[in-house]
Amino acid sequence: ENMKIKYNNKEYDIPKPFDQCYFGAEPTKVMTIGNRFNDESGQGQFAKLPAFAVAIYDTIIGAEMSEDYTTMQKGLTWFQKNFVDEYYTLLD
């Protein structure tokens, strides 16, 4: 069975391999993440996400860089289902 995390009165299913991510001491702490293609001026797109979703985002980016497209696609699909607006801000 997949790991579950409760955040904002909703239960999130954390599938493998993302259940192995380190979500920090406070997995539901909200963090602000900038789109990686933002410029240095501080302008651009930002999204607020709980720490557990940031860990999955980081895993997606790492998987893309190491050409692990199976993990990358699994992460993108998870984001599309669980954090739709943030997906379009950060990953689309």
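Residues numbered from 1 in each chain as written. Predicted model: local features only at pLDDT ≥ 70, side-chain atom pairs only at ≥ 80, totals over all residues. Heavy atoms only, no water.

A. How the structure looks around the overall build of the protein chain. For the protein chain, the count of helices and strands is three helices and four strands. When its helices and strands are written in sequence order, the protein chain yields β-β-β-β-α-α-α. Burial statistics for the protein chain: of 92 residues in total, 40% are counted as buried. Of the contacts made within the protein chain by residues no fewer than 6 positions apart, 47% connect residues no fewer than 24 positions apart. Looking at the protein chain as shown, the accessible area adds up to about 5,900 Å², and 48% of this sits on carbon and sulfur atoms. When the 9 basic and 14 acidic side-chain charges of the protein chain are each reduced to a single mean position, those positions are 8 Å apart. (Helix = DSSP H or I, 4+ residues; strand = E, 2+ residues; numbered from the N terminus. Buried < 20%, exposed > 50% of the residue type's maximum accessible area, 1.4 Å probe, protein only. Contact = heavy atoms within 4.5 Å. Areas by Shrake-Rupley, 256 points an atom, 1.4 Å probe, with all protein chains shown as cover. Lys, Arg positive; Asp, Glu negative; His and termini not counted. Charge placed at Lys NZ, Arg CZ, Asp CG, Glu CD.)

B. Just the pattern of salt bridges, in detail. Per the counting criterion, the structure on display carries three salt bridges. Its salt-bridge partner being Lys-4, residue Asp-13 comes within 2.9 Å of it at the nearest N-O pair. With its nearest N and O atoms 3.4 Å apart, the salt bridge here joins Asp-19 to Lys-16. For Asp-19, a relative accessible area of 15% translates into the label buried. Judged by its relative accessible area of 51%, Lys-16 is exposed. (Salt bridge = Lys/Arg side-chain N within 4 Å of Asp/Glu carboxyl O.)

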